[in-house]
Amino acid sequence: MPLRNRLRLVAVSGLALFTAAASLPPAAARTSPEHRPSGGGLSAVIRYTEYGIPHVVAKDYADLGFGNGWAQAADQLCVLADGFVTVRGERSAYFGQDAAPDGSLSSATKNLSSDLYFRGVRASGTVEKLLKVPAPAGPSHDVKETMRGWAAGYNAWIKQNRITDPACRGASWVRPVTTLDVAVRGFAISVLGGQGRGIEGITAARPPSSVPAVPGVSPEEAAGAARRLLSTQNADMGSNAVAFNGSTTAGGRGLLIGNPHYPWQGGRRFWQSQQTIPGELDVAGGSLLGSTTMSIGHNRNIAWSHTVATGVTLNLHQLTLDPADPTAYLVDGRSERMTKRTVTVPVKGAAPVTRSQWWTRYGPVVTSLGAGLPLPWTATTAYALNDPNASNLRASDTSLGFSRARSTADIESALRRTQGLPWVNTVAADSRGHSFFSQSQVLPRITDDLAQRCSTALGKATYPSSGLAVLDGSRSECALGSDPDALQPGIFGPGRMPVLKDTPYVENSNDSAWLTHAQTPLTGYERVFGTIGTPRSMRTRGAIEDVSAMAEKGRLTVGDLQLQQFANRAPAGDMTAGDLARACSALPGGTASGTDGSPVDVSAACGVLKGWDRTMDTASAGALLFDRFWRRATATVPADKLWKVPFSAADPVRTPNTLNTSAPGIAAALADSVAELRAAGIALDAPVGSHQFVVRNGKRIPVGGGTESLGVWNKTEPVWNAAGGGYTEVSAGSSYIQVVGWDGGPCPVARTLLTYSQSSNPASPHYSDQTRLYSGERWVTSRFCEKDIARSPALRVVRVHERR
């Protein structure tokens, strides 16, 4: 019998284990741990298809978690293990207190501050308490079973396999994990936009008598700092997502493209799989590493994706301190003592460090939010950070609800029932032809009225500017209150969320919900959700232009969305390159002065800019020159000076426009860019792919796409290294991409790409295989249905189980 047929036979026999369960109703098909056969541990069948994509089949949620924990460890052990060192507060012990974490689980810039925070979380029993909260306010039994199984699967892989990845081979910090470790990792992801932003300020907070006074900033300066800190543009996470309804598609069914922009290295990578419990669950997509459920994906009937939302997931309470004690604060004139949380961190090669954190009824005292927003703790004033997601361990239940959904109505129902998403929007389409958008986030219940009544002087500046509320903590009337349909106090209920259903398209590219559909603007939400009637990013403007044109064209297919992903159009180039080329040609003697005053011959650049095709394809000539120019121009020329035609809320997609080529800084930006490329030995008309690439196992892989300010849909945030040949790595950008539709057949029509590939192990055959596909603008055809999995020429079946 040929090998392929034998493998298929093994696959079929493995699935036979689950036939009995599949024939039962879903509730009866589950097997609780108390009723397992004598001596039996957790187990699963993993069927690998092309590009190392695992299809995990299990009989219940614990076994499904086991199979996923095993398979994630096989591909990403070192990255996962590093993250578990983080959430256990052990980085200083293994790597030294001054080294930096990878940034995937918090904003901490040094291991010591990271450890102090996570050891504080452990010491307080925060996550243990959340695990005990009954569903739906707390995690469901099914989700807790996936966590238990995931930990067991990860541990079983370590026990039964040899580590080949040089990043952690032989490392003492690769250790078994517990269910609690898995839950704390989920908690860390949940608070990324809240406590996770303030870790340096939480762990550095000291009463004023013990440290020198830290100068503050003016309210105006704070407003600018908060705006920069909380902007969804230029962050290491973003996304595009579009759902088309049946009025625009060839078959009258829905279509979706999800294009999340996430880091290419570290613990916030996606990992691709299919999860199946026969008769209960069947879903494919991408999971954030360490997650037990599907973060973004599709099943037989629906597809969904997320985009990072503009909702501000934290607020501050300005405390009026007790004159007799700077560690006590006044509420309605009565003094309340802060709670002191003291933790000790072991440090490699040095004495342990013991520090205290200070907590209030509102949350931890924080002395800064990022380097630009100091919040001094003085003898009279301190600031406490409120993060409602620190009480939210429901995100996995939301994802599980999506995975079980059969329609966009079910997606909406899951959002209402679980209320678990901390910092993302949801975009979905279904096989019945529906489109759906919701900015359903766990947000502090900051109404505009509350902000008007209770903002301090600082809050009156920061709230309009960025959505960051700073409330008077000395007045109980300034408490956040509750909505009757909210699962936890102090957050907005589902009835307050921006939602748009069944328009020809719904689109989001990390701006607010306002222009989700350009002809049906969303309004009426509170400022904390985002802005209304304000300029959109270049990426949003380009996306709306493209998507609305596609919807108007109609009869769309999966293939049309695949073309959109790799169109690589640079809207900034479309709007300005022609004017810049003409201004270049008009320069006397073809010379411009650089920022240092040196004359630069830019005459050769004029023709290059004129001839550029306005895309960031790997073959595009002149794109690198414009890229380097545009970065400088937007960084140095104020927005109100960059354009001749200002923004108009009546025409938000087409304004502002017309490059102000006479603005101070434009000619200098061109001169500096020309000089920079020449100094690096890069021709002005060099194709993008020759100087924008990644190196994997010693081989260059060209990468297309472009940076945020260019507005390219296929976002690429490359790392500039002139001495190395240009852009020689990608820090963030397009990650797990999926295009999903339906043609009336029994299986969804889906194409996917994991841009950085499935494994971080250089020894793996799946270390860069999809990266090469991405470079060549090729796709993976999803193998969702059983017949397609069985036909895979790469089919490999592994039965995994605990060994006791």
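A quick note: this is a predicted structure, and the numbers were derived from the prediction, not measured.

Asker: Is there a simple way to think about the overall build of the protein in this case?
Answerer: Broken down by element type, the protein carries 25 helices and 32 strands. What you see for the protein is a C-alpha radius of gyration of 27 Å, in line with the 28 Å of a compact globule of 804 residues. Along the three orthogonal principal directions, the C-alpha set of the protein runs to about 85 × 75 × 55 Å. Each of the 804 residues in the protein was classed as buried or not, and the buried ones make up 61%. The long-range fraction of contacts in the protein, counting pairs at least 24 apart against all pairs at least 6 apart in sequence, stands at 69%. Of the roughly 28900 Å² that the protein leaves accessible, carbon and sulfur atoms contribute 54%.

Asker: For this particular structure, what's the right way to read the sheet that holds strand 14 (residues 363-364)?
Answerer: Strand pairs in the sheet, formed through backbone hydrogen bonds, run parallel or antiparallel to each other. Taken together, the three strands give an open sheet; going across it, the order is 12-13-14, and neighbouring strands pair in antiparallel fashion. In this open sheet, the two strands that pair with only one neighbour each are strand 12 (339-347) and strand 14. Relative to strand 13 (residues 350-360), strand 12 runs antiparallel, the two sharing eight bridges. Across the sheet, the residue bridging to Thr342 is Ser356, located in strand 13. Across the sheet, helix 6 (residues 111-124) lies against strand 12 and strand 13, angled at about 125 degrees from strand 12, the strand it touches most.

Asker: Is there a simple way to explain the pattern of salt bridges in this structure?
Answerer: Enumeration according to the criterion identifies 36 salt bridges in this entry. The salt bridge partner of Glu280 is Arg404, with a shortest N-O separation of 3.5 Å. You can see Glu280 sitting in the loop between strand 5 (270-277) and strand 6 (281-288) and its partner Arg404 sitting in helix 12 (residues 395-404), a full 124 residues away along the chain. Residue classification places Glu280 among the buried positions, given a relative accessible area of 14%. Residue Arg404 is classed as partly exposed on the basis of its relative accessible area, which comes to 34%. Salt bridges here are not isolated pairs; linked through shared partners, they connect Arg88, Glu90, Arg122, Arg175 and Asp181.

Asker: Can you walk me through the nonpolar core in this structure?
Answerer: If you look at soluble globular proteins, the nonpolar side chains tend to sit buried side by side. The biggest cluster of nonpolar side chains holds 162 residues, and the ones touching the most others in it are Leu77, Val127, Tyr154, Phe187, Phe244 and Ile446. Counting residues per element, this core draws most heavily on helix 4 (residues 61-87), which supplies 15 residues. Among all residues touching Leu77, those that are not within four sequence positions of it are Gln72, Tyr154, Trp157, Ile158, Ile163, Cys168 and Val174.

Asker: In this structure, what is going on with the environment of Ile53? I would like to understand it.
Answerer: With respect to the secondary-structure elements, Ile53 resides in strand 2 (residues 53-57). On a C-alpha basis, the gap between Ile53 and Arg783 in space is 9.4 Å, while along the polypeptide they are 730 residues apart. Sequence-distant contacts of Ile53, defined by excluding residues within four places in its chain, comprise Arg47, Tyr48, Gln272, Ser273, Gln758, Gln770 and Val780.

Asker: What is the right way to read the sheet that holds strand 2 from this model?
Answerer: Spatially, the 10 strands line up as an open sheet ordered 19-17-16-8-7-6-5-2-1-32, and their pairing is mixed. Because the sheet does not close on itself, it has two edges, and the strands there are strand 19 (499-501) and strand 32 (796-801). Averaged over all adjacent pairs, the angle separating strand axes in this sheet is 20 degrees, with direction ignored. Of the strand pairs in this sheet, strand 7 (residues 296-298) and strand 8 (residues 302-308) are connected by two bridges, and their pairing is antiparallel. Among the inter-strand pairings, His298 is bridged to a residue of strand 8, identified as Ala303.

Asker: How should I be thinking about the pairing of strand 4 (residues 255-263) in this particular structure?
Answerer: When a strand is regular, its side chains alternate between the sheet's two faces. Within strand 4, nine of the nine residues are buried, which leaves it mostly tucked inside the rest of the structure. Where strand 3 (residues 238-244) meets strand 4, seven bridges bridge the pair, whose relative direction is antiparallel. Bridge pairing in strand 4 places Asn240 opposite Asn259. Sheet topology places strand 4 next to strand 29 (residues 736-741); four bridges connect them, and they run antiparallel. Bridging from a neighbouring strand, Ile257 pairs with Val739 of strand 29. Of the pairings in the sheet, the one linking strand 4 to strand 28 (residues 726-734) comprises three bridges and is antiparallel in character.

Asker: Help me out: how do you make sense of the pairing of strand 8 in this one?
Answerer: The buried fraction of strand 8 is high, at seven of seven residues. Two successive antiparallel strands, strand 7 and strand 8, enclose a turn made up of three residues. Pairing analysis gives seven bridges linking strand 8 to strand 16 (residues 424-430), with the strands arranged antiparallel. Looking at the pairing, Thr307 lines up with Asn425 of strand 16.

Asker: Please explain the state of the cysteines as it appears in this structure.
Answerer: By definition, a disulfide links the sulfur atoms of two cysteines through a covalent bond. Within this structure, the stated rule accounts for four disulfides. With a sulfur-sulfur separation of 2.1 Å, Cys454 is cross-linked through a disulfide to Cys478. In this structure the cystine formed by Cys454 and Cys478 twists about its S-S bond by roughly -85 degrees; its chirality is therefore left-handed. Taken together, the positions of Cys454 in helix 14 (residues 448-454) and Cys478 in the loop between strand 18 (470-472) and strand 19 put the pair 24 residues apart, joining distant regions of the chain. Cys478 carries the same exposure label as Cys454, and that label is buried. Residue pairing for Cys747: its cysteine sulfur links by disulfide to Cys785, the two sulfurs lying 2.0 Å apart. On the sign convention where negative means left-handed, the S-S torsion of about -130 degrees between Cys747 and Cys785 marks this disulfide as left-handed. Taken as a pair, Cys747 in the loop between strand 29 and strand 30 (749-754) and Cys785 in the loop between strand 31 (780-781) and helix 25 (786-790) lie far apart in primary sequence, 38 residues in all. The pair formed by Cys747 and Cys785 is uniform in burial state, with each residue classed as buried.

Asker: How should I be thinking about the packing of helix 8 (residues 141-160) against helix 9 (residues 179-190) in this particular structure?
Answerer: The relative placement of two packed helices comes down to the angle between their axes together with the axis-to-axis distance. Where helix 8 contacts helix 9, the axes come no closer than 8 Å and their chain directions differ by 115 degrees. In terms of their interaxial angle, helix 8 and helix 9 are classed as roughly perpendicular. Like other packed secondary-structure pairs, helix 8 and helix 9 cross with a definite hand, here right-handed. Contacts from Met147, Arg148, Trp150 and Ala151 in helix 8 reach Thr179, Val182 and Ala183 in helix 9.

Asker: In this structure, what is going on with helix 16 (residues 538-553)? I would like to understand it.
Answerer: With 16 residues, helix 16 extends 23 Å from end C-alpha to end C-alpha; this agrees with the ideal 22 Å at 1.5 Å per step. All buried positions along helix 16 are accounted for by Met538, Arg539, Thr540, Arg541, Gly542, Ala543, Ile544, Asp546, Val547, Met550 and Ala551.

Asker: Looking at this model, I keep getting lost on the packing of helix 6 against helix 9. Mind explaining?
Answerer: For the pair helix 6 and helix 9, the least separation of the axes is 12 Å and the interaxial angle reads 120 degrees. Regarding the angle of helix 6 to helix 9, the classification is oblique. When the axes of helix 6 and helix 9 are compared, the crossing they make is right-handed. Side by side, helix 6 and helix 9 meet where Tyr117, Phe118, Val121 and Arg122 of the first sit next to Leu180, Asp181, Val184, Phe187 and Ala188 of the second. Within the contact of helix 6 with helix 9, the residues separate by chemical class into seven nonpolar, no polar and two charged.

Asker: Please clarify how helix 6 should be interpreted in this entry.
Answerer: What sets the pattern is the α-helix's 3.6 residues per turn: residues three or four places apart point alike. Relative to the 20 Å expected for 14 residues at 1.5 Å per residue, helix 6 spans 20 Å between its end C-alpha atoms, a close match to the ideal helical length. Counting buried residues along helix 6, 11 of its 14 residues qualify, which places the element largely inside the surrounding structure. Within the span of helix 6, buried status applies to Asn111, Leu112, Ser113, Ser114, Asp115, Leu116, Tyr117, Phe118, Gly120, Val121 and Ser124. Looking at the residues trailing helix 6, positive phi occurs at Gly125, about 70 degrees.

What counts and what doesn't
Residues numbered from 1 in each chain as written. Predicted model: local features only at pLDDT ≥ 70, side-chain atom pairs only at ≥ 80, totals over all residues. Heavy atoms only, no water. Helix = DSSP H or I, 4+ residues; strand = E, 2+ residues; numbered from the N terminus. Rg over C-alpha atoms; globule rule 2.2 N^0.38 Å. Buried < 20%, exposed > 50% of the residue type's maximum accessible area, 1.4 Å probe, protein only. Contact = heavy atoms within 4.5 Å. Areas by Shrake-Rupley, 256 points an atom, 1.4 Å probe, with all protein chains shown as cover. Pairing = 2+ DSSP bridges. Axes fitted to C-alpha atoms, helices over the stretch in contact; angles between N-to-C directions. Salt bridge = Lys/Arg side-chain N within 4 Å of Asp/Glu carboxyl O. Core = buried A, V, L, I, M, F, W, Y, C linked by side-chain atoms within 4.5 Å. Disulfide = S-S within 2.5 Å. Parallel < 35°, antiparallel > 145°, perpendicular 65-115°, else oblique. Left-handed = near helix turned anticlockwise from the far one by under 90°. Expected span 1.5 Å × (residues − 1). Nonpolar A, V, L, I, M, F, W, Y, C, P; charged D, E, K, R; others polar.

Taken by themselves, the reported measurements are silent on function.
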